[in-house]
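Below are the chains, spelled out letter by letter.
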Amino acid sequence: MSSDVTVVLPDGSERVLSPDATGADLAADLGGRAAKDALIVVADGIQLDLNQPLPDGSHVSLVFPASDAGLEVLRHSTAHVLAQAVLDLYPGATFSIGPPIEDGFYYDFDLPNNQTFSDEDLEQISSKMKEIVNRKQPFIRSEIDRTEADKLFAAHPYKLEILDGEADDPTSGPEDGVITTYRNTDDFVDLCRGPHVPDTGYLAHFQLMRVAGAYWRGDENRQMLQRIYGTAWATKKDLNAHLEQLEEAAKRDHRKLATELDLLSFPSELGGGLAVWHPKGAIVRKLMEDYSRERHEEGGYQFVYTPHLANQRLFQTSGHLDFYADGMYPPMEMDNGTYYLKPMNCPMHCLIFGHGQRSYKELPLRLFELGTVYRYERSGTLHGLMRIRGFTQDDSHLYVAAEQLADEIASLLDFVLSVLRAFGFDDFTFHLSTKDPEKYVGSDEIWNQATDALRGALERHGLDYAVKEADAAFYGPKIDIDVKDAIGRSWQLSTIQCDFNLPEQFDLHYVAADGERHRPIMLHRALFGSIERFFGVMVEHYGGAFPTWLSPVQVQVLGVRADHDSFADKIVERLISNGIRAEMVEADEPLGTRIRKGKLEKLPYILVVGDADVEHDTAGVNPRGGDVERDVPIVDFVQRITAEIAEKATGPNVQ
RNA sequence: GCCCGAGUAGCUCAACGGCUAGAGCACCGCUCUUGUAAAGCGGGGGUUGUGGGUUCGAUUCCCACCUCGGGCUCCA
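Residues numbered from 1 in each chain as written. Chains lettered and ligands numbered in written order. Predicted model: local features only at pLDDT ≥ 70, side-chain atom pairs only at ≥ 80, totals over all residues. Heavy atoms only, no water.

K.L.:
Even after reading the chapter, I still don't get the confidence of the model for chain A, so can you show me in this structure?
P.N.:
Caution applies to low-pLDDT parts of the model: their predicted coordinates are not meant to be read in detail. Put simply, chain A has an average pLDDT of 94, and 99% of its residues get 70 or more. Mean pLDDT values over the elements of chain A span from 85, in helix H2 (residues 32-37), up to 98, in strand E16 (residues 302-303). (pLDDT = per-residue confidence, 0-100. Helix = DSSP H or I, 4+ residues; strand = E, 2+ residues; numbered from the N terminus.)

Spelled out as structure tokens, the structure:
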């Protein structure tokens, strides 16, 4: 006879349960919300289904839908329902893997006769899933042996590959040699580690999102499977909030806004991944670049210019041709050699450092260039400004003596964050990428020194960071900086990378105080990363409503009637003479219409002038996202907007 | 590059294989003269992405290419 089971709850209290008690028994015993909503139970750190027995003496906690772990279970279980629906609706279909992912889940299928899913199919599959949910089918776990598994999945070759360990799937592959399955009906069983929700009735709040192709085992040489993505949440409210967030993101899409606000375009005549900047986009870009130059000048950088083309010998020396030839535009044969468009500015900056004798007194030597580079991105990877074939890096290369490394990185970090803040980004995430023991150049000593310098800089600034082990490039460790935008999305922008390789390849050296030649360490630093991409991120961050200092047009002045136009014109002249980008809109349409058009252009200020304003030299001020103020003296307005522009206020993010 | 989907006026979208390819916004002209998010009338604007094919007839069906979108792979 087995005896009672004692478990320890998260608050430290003990609970005595009947023999062979399960998580469900515990939940029932606790009652209330626990009995109703618990999805799984964690016992001594191991996730268990609610119907699995609890080990005696274990520390247990119930997992609810609102938690990260709960959502993961919910999404994983919903993926099973998707698989059941597809296998039911498409005879001969087979399935491979279906894990939970951020915000949802997917499942990969292989349909007979190269069939594919359409959007209409998604609706049908979704209805079938809802039927399954309504049936409240239990998830029944079994441990089986390989013979049985072979029989069970005889028609499903991808599952057999997972069983063989050829395909590594952490959600379904055998763990410690134990093969587990989850069965929902006589017909549907999936290879899976679990755990799962008690029954499909827990899975009400999901939506299938899209179909996509995906290579089996992520290998582009293997079969292309049909993937269905879905999202799933604990409540209807959460699901709707997520869908609204997606709508909000779509509204801010820089490709859409760039067209609507006439910022730039991607003419197909140019070819994929190449943009032309229209006047309104170009002025914003110019302001960004001007500000960047100003800050670099203050920061002790020296400006350089280098050409777009170089002899292939340069890229052989730098190693780019060996490692990245696939990403470079094809060579051009010239009468005196073979030339390439440059994919990077660093080799040319190394030539500048290497020209003549360098003294330790010149270090740190900071070179800066807005350098345009060209990379042959594969056609399917292009994405607006975010992934583009021709772009400009705000690229700097710093040459330092080893003993200067720590201080230089620390001040570099200050510099980068300060510039990012000026553009309205103040929520950062940092990643420190360390040596890949399989792939690196340079001594352990120098790697440690550089990694310590990077880590020290982060810690000196009191910044939280995550370490990405073995994620560094072969030439040195790095810090990557992500920013969060106004709707909480992360974008990787800046990077600070140590490089022990290029100084070697280019045989760079300086003469130190001891009279000996020493090798400098090189730092690569991109702040915006790519001007194009940073601009795209800014458009999405502000939803096209640029802060006043960056707005293509800062003020429009509207007369109430046509006979106020000349007064409006005079105000515009006064604004322009104060360095403000202003324009007059003639009164050939009703005032409301003209205001509406200005609002759609997301202008920071619209001024309206009528009889009283002509008399008193005032204007009605209609600010973006604020209330209309009447009878504001023009001098006051000029002073106010001038101050706002001067301090580069990013202000509330108003739409 | 691979899978799926889409390309019609500057933009957003209509048009069973069949009459001169339509509408709103935008643009141009005229009228209206307006106090804070859409006044009225008229006009111009298209080789339906490009090239082939099927057909009496193609925006519509088929093929190739180009560009775009969603993914996969890749991203110095």
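From this point, the discussion proceeds with the structure in view.
K.L.:
Please clarify how the environment of Val632 should be interpreted in this entry.
P.N.:
Mapped onto the elements, Val632 comes out in strand E34 (residues 629-633). Through-space distance from the C-alpha of Val632 to that of Glu333 is 66 Å; in sequence the pair is 299 residues apart. Setting aside anything within four residues of it in sequence, one finds Val632 in contact with Asp617, Thr618, Ala619, Val621 and Phe637. (Contact = heavy atoms within 4.5 Å.)

K.L.:
Could you clarify how one ought to interpret the protein's contact with RNA strand B in this entry?
P.N.:
The immediate surroundings of RNA strand B are formed by 55 residues, with Arg210, Tyr215, Arg378, Ser379 and Thr593 found nearest. Within the side chain of Arg210, a nitrogen or oxygen atom sits 2.8 Å from a sugar or linking oxygen of RNA strand B. Among the secondary structure elements, those contributing two or more residues to the surface near RNA strand B are strand E12 (206-215), strand E13 (224-232), helix H11 (320-324), helix H18 (591-600), helix H19 (611-616) and strand E33 (618-623). The element best represented in the surface near RNA strand B is H18, accounting for eight residues. For the surface near RNA strand B, the per-class residue count stands at 20 nonpolar, 19 polar and 16 charged. (Near = heavy atom within 4 Å. Polar contact = N/O pair within 3.5 Å; in protein donor to acceptor, adjacent residues only side chain to side chain. Nonpolar A, V, L, I, M, F, W, Y, C, P; charged D, E, K, R; others polar.)

K.L.:
Is there a simple way to think about the sheet that holds strand E18 (residues 332-334) in this case?
P.N.:
Across the sheet, three strands lie side by side as E17-E19-E18; this open sheet has antiparallel pairing. Across the chains shown, the open sheet's two edge strands, defined by having one partner strand only, are strand E17 (309-311) and E18. Ignoring strand direction, the axes of neighbouring strands in this sheet form an average angle of 35°. (Pairing = 2+ DSSP bridges. Axes fitted to C-alpha atoms, helices over the stretch in contact; angles between N-to-C directions.)

K.L.:
How should a negative patch on the surface be read in this particular structure?
P.N.:
Side chains of Asp569, Glu573, Glu586 and Asp588 sit close together on the surface and give a patch of like negative charge. Relative to the assigned elements, Asp588 resides in the loop between strand E31 (582-585) and H18. The class of Asp588 is exposed, set by a relative accessible area of 61%. (Patch = residues over 30% accessible without salt bridge, like charges linked within 9 Å, V, L, I, M, F, W, Y side chains within 5 Å. Areas by Shrake-Rupley, 256 points an atom, 1.4 Å probe, with all protein chains shown as cover. Salt bridge = Lys/Arg side-chain N within 4 Å of Asp/Glu carboxyl O. Lys, Arg positive; Asp, Glu negative; His and termini not counted. Charge placed at Lys NZ, Arg CZ, Asp CG, Glu CD. Buried < 20%, exposed > 50% of the residue type's maximum accessible area, 1.4 Å probe, protein only.)

K.L.:
Help me understand the sheet that holds strand E28 (residues 517-518), please; the structure alone is not making it clear to me.
P.N.:
Sheet strands pair by backbone hydrogen bonding; their relative direction is either parallel or antiparallel. As summarised here, the arrangement of the three strands in space is E20-E27-E28, forming an open sheet in which the pairing is mixed. Both edges of this open sheet fall to strand E20 (358-359) and E28, since each of them pairs with a single strand only. In this sheet, strand E27 (residues 510-511) lies alongside E20 in parallel orientation, the contact comprising two bridges. Its bridge partner being in E27, Ser359 is matched across the sheet by Val511.

K.L.:
What's the story with a nonpolar patch on the surface in this structure? I'm lost.
P.N.:
A cluster of nonpolar side chains, contributed by Leu309, Met332 and Met334, occupies part of the molecular surface with about 230 Å² of accessible area. Mapped onto the secondary structure, Met334 falls in strand E18.

K.L.:
For this particular structure, what's the right way to read the packing of helix H9 (residues 279-298) against helix H16 (residues 531-542)?
P.N.:
When two helices pack together, their arrangement is captured by the angle between the axes and the distance separating the axes. Their axes nearest at 11 Å, the elements H9 and H16 cross at an angle of 110°. Judged by the angle between their axes, H9 and H16 are roughly perpendicular. Contacts between H9 and H16 involve Gly281, Val284, Arg285, Met288 and Glu289 on the former and, on the latter, Ile531, Glu532, Phe534, Phe535 and Met538. Considered class by class, the residues forming the contact of H9 with H16 number six nonpolar, one polar and three charged. (Parallel < 35°, antiparallel > 145°, perpendicular 65-115°, else oblique.)

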